[in-house]
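Inside the fold
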Amino acid sequence: MEDVGAALARFLERSHTASPRYLPQLVDETARRLGMASATVYLADVQEDRLVALPGPGEDEDESEALAIEGTVAGWAYRTMSLRLAHHRPLALWLPLVDGIARIGVLHVAADRITPEMLDGATQLAAVTALTVVSKSGFSDLFSRTARRRPMTTAAEMVWAFLPPRTLGTDRVTSTAALEPAYEIGGDAFDHGLDDGRLHVTVVDAMGHDLAAGLASAVALAGCRSIRRAGGTLSDITDRIDEDLHRWQPGGLLTGVFAHLDLESGRFAWINAGHPPPLLIRAHRVVPGALEAPGELPLGLGPGYERARTVHQVQLEPGDRVLVHTDGVTEARLATGRQFGEEQLVDFVSRALAAGEPAPEALRRLVHAVLDHHDGRLQDDATIVLVEWHPEPDRSP
């Protein structure tokens with residue numbers, strides 16, 4: 001067995017110039033140097049239904065092994081973001097692949113025996129494998145193809161290209177998002193980002209469900225980031241989006257929630273442009289009306305409809321969660337016409353979080369529940385962003 005530090009140093013050195021297709025082989029070779037029998041990289045698919053083996057050199061992508069996320073040991077490791085040991089011969093160790101706190105897949109390690117040194121090596125190998133996958137995702141289609149079961153529409157491809165990672169967080173805040181229908185998304189989009197002690201969150205819903213709606217959402221995210229990165233306010237953001245939509249895409253109406261959370265104080269500020277009001281969840285219960293406000297017009301109406309946007313503010317308590325969603329979530333219907341509804345939405349999220357599920361897993365299961373409610377196919381886009389403020393406890397004497 002090679003020294004863990006030396007083996008990982010060699011891995012990192014070779015990973016800089018290795019092609020994405022060679023990554024599975026590099027991971028496997030490193031595992032063998034650490035005394036293991038083999039190692040296989042699995043990536044989660046777009047809808048988080050399956051874990052698909054990343055194909056290596058000469059392997060057919062269409063024949064990659066796929067494991068269900070529900071009901072498998074591999075899926076358990078992914079869902080809970082913790083390692084799992086299967087006691088058979090050879091022993092099978094499943095480790096989550098995470099980027100920060102965002103889940104991207106699992107690493108399967110096989111070995112005749114697992115020593116503390118090998119466990120430490122496997123854990124570190126999973127960490128550097130995840131970082132390598134993320135670093136190479138920007139210039140290779142291999143990882144995207146592995147994570148897809150069918151082609152995306154042009155509108156969906158465009159929107160996904162603009163989206164940030166679905167989950168991000170620090171010791172003070174977690175923000176995680178879900179978006180469906182993943183392969184045909186049109187008008188919905190989300191954004192979140194951390195900067196200088198503040199979390200920014202945006203959820204938008206453009207009118208329509210086609211390429212024009214996707215363009216409106218892309219314009220909104222681009223305008224939002226442009227102003228945000230220049231130090232602008234929430235009002236500056238909505239003004240820019242309003243102006244850009246009217247100028248470059250007449251008729252491209254869009255609703256949205258644009259918010260900032262101060263990570264030190266817990267002060268939550270937001271603008272609601274014609275969108276369903278966010279929900280404040282405290283101690284696993286919704287605080288009635290906490291984030292409701294008088295309705296304001298959507299963005300993109302242009303001259304004659306310009307109004308000063310109201311910036312609302314509320315003080316969060318440690319452990320509070322803010323849930324922002326589009327109407328495609330609550331308005332998903334059964335064949336009988338019964339909607340999924342806000343009450344069922346809140347009940348599902350509250351139960352999942354009360355049971356200790358990580359926020360990404362709670363939203364994954366929620367989206368599947370919404371899809372099941374609508375027989376697997378939504379008629380409208382459904383987007384959810386869940387923010388949790390969890391500042392460090394006061395350690396002062």
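Rules used in this analysis
- Residues numbered from 1 in each chain as written.
- Predicted model: local features only at pLDDT ≥ 70, side-chain atom pairs only at ≥ 80, totals over all residues.
- Heavy atoms only, no water.
- Phe/Tyr/Trp six-rings, centres within 6.5 Å; stacked < 30°, edge-to-face > 60°.
- Lys NZ or Arg CZ within 6 Å of the ring centre and 35° of its normal.
- Helix = DSSP H or I, 4+ residues; strand = E, 2+ residues; numbered from the N terminus.
- Buried < 20%, exposed > 50% of the residue type's maximum accessible area, 1.4 Å probe, protein only.
- Contact = heavy atoms within 4.5 Å.
- Pairing = 2+ DSSP bridges.
- Axes fitted to C-alpha atoms, helices over the stretch in contact; angles between N-to-C directions.
- Parallel < 35°, antiparallel > 145°, perpendicular 65-115°, else oblique.
- Left-handed = near helix turned anticlockwise from the far one by under 90°.
- Nonpolar A, V, L, I, M, F, W, Y, C, P; charged D, E, K, R; others polar.
- Polar contact = N/O pair within 3.5 Å; in protein donor to acceptor, adjacent residues only side chain to side chain.

**Here's the deal with the packing of aromatic side chains**
Applying the stated criterion across every chain, the model contains 2 aromatic pairs. One Lys or Arg, Arg84, reaches over the ring of Trp76 and ends 4.4 Å from the middle of that ring.

**Comments concerning the environment of Ala9**
Tracing the chain through its elements places Ala9 in helix 1 (residues 4–15). Taking the C-alpha atoms as reference, Ala9 lies 34 Å from Phe162; in sequence the two are 153 residues apart.

**Quick look at helix 6 (residues 154–162)**
The complete set of buried residues in helix 6 reads Ala155, Ala156, Met158, Val159 and Trp160. Residues of helix 6 that are buried in the fold lie against strand 8 (173–180), strand 9 (188–195) and helix 7 (211–229).

**Thoughts on the sheet that holds strand 2 (residues 50–53)**
If you walk across this open sheet you meet the 6 strands as 3-2-1-6-5-4, and the pairing is antiparallel. Strands at the two margins of the open sheet, each flanked by one partner only, are strand 3 (66–68) and strand 4 (84–86). Averaged over neighbouring strand pairs, the angle between their axes works out to 25 degrees when direction is ignored.

**A closer look at the packing of helix 1 against helix 2 (residues 23–33)**
Where helix 1 contacts helix 2, the axes come no closer than 10 Å and their chain directions differ by 165 degrees. Considering the angle they form, helix 1 stands roughly antiparallel to helix 2. Relative to helix 2, helix 1 is oriented so that their crossing is right-handed. On the side of helix 1, the interface is formed by Ala7, Leu8, Arg10, Phe11, Arg14 and Ser15, while helix 2 contributes Leu23, Leu26, Val27, Glu29, Thr30 and Arg33. By residue class, the composition of the contact of helix 1 with helix 2 is 6 nonpolar, 2 polar and 4 charged.

**As for the sheet that holds strand 10 (residues 198–206)**
Read across the sheet, 5 strands follow the order 9-10-11-12-15 without closing on themselves; strand pairing throughout is antiparallel. Where the open sheet ends on each side, the last strands, each with one partner, are strand 9 and strand 15 (312–315). For this sheet, the mean angle separating the axes of adjacent strands, direction not counted, is 15 degrees. Where strand 10 meets strand 11 (residues 254–262), 9 bridges bridge the pair, whose relative direction is antiparallel.

**With respect to unusual backbone geometry**
Leaving glycine aside, a negative phi is the common case for residues, and trans is the common case for peptide bonds. With an omega of -5 degrees, the peptide bond running from Glu180 to Pro181 counts as cis. Residue position: Pro181 is located in the loop between strand 8 and strand 9. If you check the backbone angles, Met81 has positive phi at about 55 degrees while not being a glycine. Tracing the sequence through the fold places Met81 in the loop between helix 3 (73–80) and strand 4. In this structure, His284 is a non-glycine residue whose phi angle is positive, near 70 degrees. Its place among the elements puts His284 in the loop between strand 13 (279–282) and strand 14 (285–286).

**A closer look at the pairing of strand 11**
For strand 11, the tally of buried residues reaches 8 of 9 residues, placing the bulk of the element in the interior. With 6 bridges connecting them, strand 11 and strand 12 (residues 267–273) associate as antiparallel partners. Across the sheet, residue Leu261 finds its bridge partner in strand 12, namely Phe268. Between strand 11 and the antiparallel strand that follows it, strand 12, lie 4 residues; Gly266 among them carries a positive phi value of about 80 degrees.

**Section: the side chain of Thr202**
Its place among the elements puts Thr202 in strand 10. A polar atom in the side chain of Thr202 sits 2.7 Å from the side chain of His200. Among all residues touching Thr202, those that are not within four sequence positions of it are Ala189, Phe190, Asp191, Leu221, Cys224, Val257 and Phe258.

**What about the side chain of Asp191?**
Tracing the sequence through the fold places Asp191 in strand 9. Of note is the side chain of Asp191, whose polar atom sits 3.0 Å from the side chain of Arg228. Beyond its immediate stretch of four places on either side in the chain, Asp191 contacts Pro164, His200, Val201, Thr202, Leu221, Arg225 and Arg228.

**Some points on the pairing of strand 2**
The sheet contact formed by strand 1 (residues 38–44) and strand 2 spans 3 bridges and is antiparallel. When the sheet's bridge partners are listed, Ala44 is paired in strand 2 with Leu51.

**As for the packing of helix 10 (residues 341–354) against helix 11 (residues 359–373)**
Put simply, helix 10 and helix 11 touch, their axes get as near as 10 Å, and they point 145 degrees apart. Where helix 10 crosses over helix 11, the two elements pack in a sense that is right-handed. Taking contact as the criterion, the partners of Gln344, Leu345, Phe348, Val349, Ala352 and Leu353 in helix 10 are, on helix 11, Ala359, Ala362, Arg365, Leu366, Ala369 and His373. Classifying every residue of the contact of helix 10 with helix 11 by side-chain character gives 9 nonpolar, 2 polar and 1 charged.

That is the geometry; function is a separate question.
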